[in-house]
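# Summary of structural features
Single-letter residue listing:
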Amino acid sequence: MPKLAIGGVRIPNRLVLAPMADVNRPSFRLLCRKRGAGLLFTEMINAEGVVRGSERTLMMTKVRKDERPIALQLFGSKPGTIAKAAAAVEGRASIIDINCGCPVQKVTKNGAGCALMKEPEKIGAIVKEVVNAVSIPVTVKLRLGISAKYKNFLDVAKAAESAGASALTLHARTCDEGYSGRADWSAIKKLKDSVGIPVIGNGDVRTPQDCKRMLHETGCDFVMIGRATMGNPSLFEQCERYLRTGRLLPQQTAEERLADLKLLFRMHKKYDGMSPGKSFVFVKQQAIMFTTGLHGSVAARARLEKAKNEKGLLATFSELVDNI
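Residues numbered from 1 in each chain as written. Predicted model: local features only at pLDDT ≥ 70, side-chain atom pairs only at ≥ 80, totals over all residues. Heavy atoms only, no water.

## Details of the overall build of the chain
Looking only at helices and strands, the chain has 14 helices and 11 strands in total. Taken over the C-alpha trace, the chain has a radius of gyration of 19 Å; the compact-globule value for 324 residues is 20 Å, and the two agree within 12%. Projected onto the principal axes, the alpha-carbon positions of the chain cover approximately 55 × 45 × 35 Å. Looking at the chain residue by residue over its 324 residues, the buried ones come to 57%. Residue pairs in contact within the chain that sit at least 24 positions apart in sequence constitute 67% of those at least 6 positions apart. Taking the average location of the 51 positive side-chain charges in the chain and that of its 31 negative ones, the two points are 2 Å from each other. (Helix = DSSP H or I, 4+ residues; strand = E, 2+ residues; numbered from the N terminus. Rg over C-alpha atoms; globule rule 2.2 N^0.38 Å. Buried < 20%, exposed > 50% of the residue type's maximum accessible area, 1.4 Å probe, protein only. Contact = heavy atoms within 4.5 Å. Lys, Arg positive; Asp, Glu negative; His and termini not counted. Charge placed at Lys NZ, Arg CZ, Asp CG, Glu CD.)

## Focus: the packing of helix α9 (residues 208–218) against helix α10 (residues 234–245)
Working note: a packed helix pair is described by the angle between its axes plus the distance between those axes. At a closest axis distance of 8 Å, the pairing of α9 and α10 adopts a crossing angle of 55°. Considering their axes alone, α9 and α10 lie oblique with respect to each other. The element α9 and its partner α10 pack so that their crossing is right-handed. Residues P208, Q209, C211, K212 and L215 of α9 form the contact with α10, whose participating residues are L235, Q238, C239, Y242 and L243. Here the residues of the contact of α9 with α10 sort into 7 nonpolar, 2 polar and 1 charged. (Axes fitted to C-alpha atoms, helices over the stretch in contact; angles between N-to-C directions. Parallel < 35°, antiparallel > 145°, perpendicular 65-115°, else oblique. Left-handed = near helix turned anticlockwise from the far one by under 90°. Nonpolar A, V, L, I, M, F, W, Y, C, P; charged D, E, K, R; others polar.)

## Some details on the environment of L304
Mapped onto the secondary structure, L304 falls in helix α13 (residues 297–306). L304 sits 202 residues away from C102 along the chain, and the two C-alpha atoms are 30 Å apart. Setting aside anything within four residues of it in sequence, one finds L304 in contact with K284, A287, I288, T291, L313, T316 and F317.

## Some points on the environment of I82
Within the secondary structure layout, I82 lies in helix α4 (residues 79–89). Classification of I82 as buried rests on a relative accessible area of 1%. When the C-alpha atoms of I82 and L304 are compared, they prove to be 40 Å apart, with 222 residues separating the residues in sequence. Those residues within four positions of I82 in sequence are excluded, and the remaining contacts are A47, L74, G76, S77, I126 and V130.

## A word on a negative patch on the surface
Among the surface-exposed residues, E237, E255, E256 and D322 lie close enough to one another that they form a single negatively charged patch. Take E237: it is sitting in helix α10. Judged by its relative accessible area of 35%, E237 is partly exposed. (Patch = residues over 30% accessible without salt bridge, like charges linked within 9 Å, V, L, I, M, F, W, Y side chains within 5 Å. Areas by Shrake-Rupley, 256 points an atom, 1.4 Å probe, with all protein chains shown as cover. Salt bridge = Lys/Arg side-chain N within 4 Å of Asp/Glu carboxyl O.)

## Describing the packing of aromatic side chains
This structure, assessed with the given rule, holds 0 aromatic pairs. Here R143 stacks its cationic end above the ring of Y179, 5.1 Å away from the centre of that ring. Seen from the ring of Y242, K212 lies directly overhead, with NZ or CZ sitting 5.2 Å from the centre. (Phe/Tyr/Trp six-rings, centres within 6.5 Å; stacked < 30°, edge-to-face > 60°. Lys NZ or Arg CZ within 6 Å of the ring centre and 35° of its normal.)

## So, the state of the cysteines
Linking two cysteines covalently via their sulfur atoms produces the bond known as a disulfide. The final tally for this structure, using the stated rule, is 1 disulfide. Across the disulfide from C114 sits C175; the S-S distance is 1.6 Å. Measuring handedness by torsion sign, the sulfur bridge of C114 and C175 sits at about -75° and is left-handed. Placement of the pair is C114 in the loop between α5 (105–108) and α6 (120–133) and C175 in the loop between β9 (167–171) and α8 (185–194), with a sequence separation of 61 residues. For the pair shown, C114 and C175 are each scored as buried. Between C211, a cysteine without a disulfide, and C239, which holds the nearest cysteine sulfur, the sulfur-to-sulfur distance is 4.3 Å. Taking the relative accessible area as the measure of exposure, C211 reaches 0% and is therefore buried. (Disulfide = S-S within 2.5 Å.)

If you want it as structure tokens, here you go:
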């Protein structure tokens, strides 16, 4: 098997954790690493907040040594600001990633995220400034384009590559689609055939078979998985085994799922550094997601929503497991 790398950063396998807002806390990232993710991403981080020295924003840039290799993803609309932010945090990351794909209005209305897809030249300018500001690889996450009538991902990719990007991630949907519809994997193949740097494919990978099929159909170098790992980080372990051996691991048992949830809660207390109110929102969200696919999960989720503390969450989840 060829050595896997992005700009000189060795990646142990082809599996990448997608940057997910309000999900990719250190605890969740570390659990995904324990379950087989080769490259981790932080959630997207506001470059303006980094430059201003916002305590909350800077907290989001903190990563542990055992999370490496990890990409720290920045969003913003001003090349100089993103470059300053990248320079300020490069010591904490293995890779700096520039978000040009977030379709959320509060991001795009300020000219960041997916709004940048309208301006390939500006994306090139951002990449160039960031590359000149840091000594670690710089990558870009993009979408197909703004809409079905305006798919310019190849132009954006060429601008980013020419400016010095070390890899590109393509979420194979348009900005208008958000997370709906079906990802166009043929576009990932077109991108791979058009550039000379590694390509990370993203969109609609939910099973180990999907993962292998994306690699086969598109020729991409890495597969990024996001929403399918929420409540199921063991998907990385399943994909890694399937790619390596061609054999499927058994699905996690309910007891194993509970053990992972308890481990996540312990790491959350130790590493995430959130206020009590936000902390409980996070652990409740995680507990609810971890019920996905379990027998009796609908009733359990209703009870989890009413839980008042972490003890109540774990008691409800444990009862769910005992009744399966």
